Amino acid sequence: MSSLLIKNVFHNGETTDVFIKNKIFCRIEPGLDPSLADQVIDGTDKAIIPPFYNGHTHSPMTLLRGYADDIPLFEWLNDYIWPMEKVMTAEDIYNGSRLALYEMIRSGTIFFNDMYWQQDQTIRAVEEMGLKAAIGVTFMDGLGKKYIEANFDYLDAHLRPETLPEGITLTVAPHAIYTVSEALLRRCAAYAAEHNLVFHIHLSETKQEVEDCVKAHGMTPVRWLEQIGALEPQVVAAHVIHVDEEELAILASRDVTLVHNPVSNMKLCSGVFHFQKAQEAGCRYILGTDGCSSNNNLDMREEMKVAALVAKSRYKDLELLPASTVFKMATKWGAECFGLNSGKIAVGKAADALLLDLNNERMIPCYNLISNCVYSADNSVIDTVICNGRLLMENHKVPGGAEIVALAKESSIKMLERLKKG
Ligand SMILES: [Zn+2]
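About the thresholds
- What you see as residue numbers is a count from 1 along each chain, following the sequence as written.
- In keeping with the model being predicted, local features are shown solely for residues with a pLDDT of at least 70 and side-chain atom pairs are shown and tallied solely at 80 or more, while totals for entire chains, interfaces and linings include all residues.
- Working from all heavy atoms in the structure, the side-chain values ignore hydrogens and water.
- Because no water is among the atoms considered, metal sites can look incomplete, with donors defined as N, O and S atoms within 2.8 Å of the metal, or 3.2 Å for Na, K and Ca.
- Metal sites are grouped by the angles between bound donors: all angles between 85 and 135 degrees with four donors is tetrahedral, opposite donors over 155 degrees apart with the others between 65 and 115 is square planar for four donors and octahedral for six, and any other pattern is irregular.
- Secondary structure counts use DSSP, requiring at least four H or I residues in a row for a helix and at least two E residues in a row for a strand, with both numbered from the N terminus.
- Only protein chains enter the calculation, and the probe is 1.4 Å; a residue is then buried if its accessible area is under 20% of its type maximum, exposed if over 50%, and partly exposed in between.
- Domain delimitation in this document rests on an assignment produced automatically or drawn from a domain database.
- Contacts between residues were defined by any pair of non-hydrogen atoms, one from each residue, lying within 4.5 Å.
- Note on terms: buried area is the combined drop in 1.4 Å-probe accessible area of two parts once they are placed together, counting the loss on both.
- One side-chain nitrogen of Lys or Arg within 4 Å of one carboxyl oxygen of Asp or Glu is enough to make a salt bridge.
- Throughout this description, a polar contact denotes any pair of N or O atoms lying within 3.5 Å of each other; where both atoms belong to protein, one of them has to be capable of donating a hydrogen while the other can accept it, and for residues adjacent in sequence the pair is counted only when both atoms sit in side chains.
- Think of it as three bins: nonpolar holds Ala, Val, Leu, Ile, Met, Phe, Trp, Tyr, Cys and Pro, charged holds Asp, Glu, Lys and Arg, and polar takes everything else, Gly as well.
- Working definition: rings of Phe, Tyr and Trp (its six-membered ring) pair if their centres are within 6.5 Å, and the pair is stacked with planes under 30 degrees apart, edge-to-face with planes over 60 apart, and tilted otherwise.
- Note on pairing: two strands pair once DSSP finds at least 2 bridges between them.

A. Up close: the coordination of the zinc ion. Ligation of the zinc ion by protein atoms is provided by His56 (NE2), His58 (NE2), His202 (NE2) and Asp290 (OD), these donors lying 2.1 to 2.3 Å from the ion. Classification of the site at the zinc ion as irregular follows from its 4 donor atoms and the range of 86 to 172° in their angles at the metal. One chain supplies every donor to the zinc ion, and in sequence these donors are spaced H-x1-H-x143-H-x87-D. A residue pair is termed long-range when its members are at least 10 positions apart, and His56 in strand 6 (residues 52-57) and Asp290 in the loop between strand 13 (284-287) and helix 11 (300-315) qualify at 234 residues. Across the pair, exposure class does not vary: His56 and Asp290 are buried alike.

Here is the structure:
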């Protein structure tokens, strides 16, 4: 295993050296000998910070970016997204995943919690490009019995970590309560609980979802999921907008992680996440971008800024969701939620890091690094991306980027042709 030494880098208010070996931060102290390492990076005028951990996305949907914007959720799904997804081949999913990972690397993300189809293609892309991911095995009744059984077989076959590439775990991912039946939700929850897997679901995203649930079951989605045992496993729930205080208390008592997706929530007019109430209820919350057809990018840095601004403006409280908290949502808390020993630059942690260019105009002056990172920066400040001690981007360059872009373009053109042919 190669080792890496970052010399004279800005960390926690001082200049120091960071030595990475066997994929972890081994030593963080000034004056380390360059001969220690196989590779040395000059960290002068750069700051080292944790990278981002995206709590909820649909990576191959990069290929649907901009295809159907400004349309209500159910019409958007029925008339645009689902027909287009029907013509996507395995190769398209692979190309779309690679485009997503390329975009993630360039915007400082090294981990994502995904929910999509043909997960093998996304896993292949993650393995090749060196990131980490929690990959959803996604369930929807509409896909048919055969598909559902194949998904459970897939999960059965990959219960041991050695059956998956390093850095990848699987989650049980029923899409939502309006696409997954009670029987299947119960089965997914029991499976996730039995095998200690994350149960990843969209929850209480729209008013209509809540109204339909009340009509069908006489109670709201959170209460209903609790009643059918679907809050028993470790649950990661995306959106969670239309919930009352009692539901937030249920979610807190069940240790459910809420994924806040502020850009998607605003763009689809789904509603506004009750940040203050979730905080008061003692809920866990992290940050996610959602997919590229409802965001339309995978930029966690942009998501941090929007999350902070939405919380402040909604509650007219400028102390709410400060930069330091939203930064933790995007880094440390995201990593912790998925059991990763990372999200912090510290000895013994997995060597995941970003090097930021402190001479970039958006970082000057640098009275507060995290404030600059949340409120001022754009992706041009990210110089280097490291995941498990491996350099994914150095001096703004990701190997193979041009080919990834060309293949994704080609896929999008072919998909449109297939759709037109019917
Ligand atoms: Zn989503």
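B. Representation of the domain arrangement of the protein chain. Each assigned domain of the protein chain is listed with its residue range as follows: domain 1 (4-50 + 342-401) and domain 2 (52-337). Relative to domain 2, the C-alpha centre of domain 1 lies at a distance of 29 Å. Taken together, the contacts link 28 residues of domain 1 with 31 residues of domain 2. Of the roughly 2,300 Å² buried at the junction of domain 1 and domain 2 (both faces included), carbon and sulfur atoms supply 63%. In this structure, the salt-bridge partner of Lys23 is Glu166, at a minimum N-O distance of 2.8 Å. In this structure, the connection of domain 1 to domain 2 is made through 11 residue pairs in polar contact (both at pLDDT 80 or more). Mapped by element, the contributors of at least two residues to the side of domain 1 that touches domain 2 are helix 14 (369-376), strand 15 (382-387) and strand 16 (390-393). Considering every element that reaches the side of domain 1 that touches domain 2, the biggest residue donor is helix 14, with 5 residues. Residue composition of the side of domain 1 that touches domain 2, by class: 16 nonpolar, 7 polar and 5 charged.

C. Just the packing of aromatic side chains, in detail. Following the criterion strictly, the structure yields 9 aromatic pairs and no others. The interplanar angle of 35° and the centroid separation of 6.2 Å between the aromatic rings of Tyr53 and Phe111 together place this pair among those described as tilted. Separated by 58 residues along the polypeptide, Tyr53 in strand 6 and Phe111 in strand 7 (residues 109-116) bring together distant segments of the chain. Phe111 gets classed as buried once you look at its relative accessible area, which sits at 2%. When the centroid spacing of 5.5 Å and the interplanar angle of 55° are considered together, the rings of Phe152 and Tyr191 count as tilted.

D. Region of interest: the pairing of strand 15. Counting buried positions along strand 15 yields 6 of 6 residues, so the element is predominantly enclosed. In the sheet, strand 14 (residues 353-357) pairs with strand 15 via 4 bridges, with the strands oriented antiparallel. Within the sheet, the bridge partner assigned to Leu355 lies in strand 15 and is Thr384. For strand 15 and strand 16, the ladder comprises 3 bridges, and the chain directions are antiparallel. Looking at strand 16, one finds that Val385 is bridged to Met393. In sequence, strand 15 turns back onto strand 16 through a hairpin of 2 residues, with Asn388 there showing a positive phi of about 50°.

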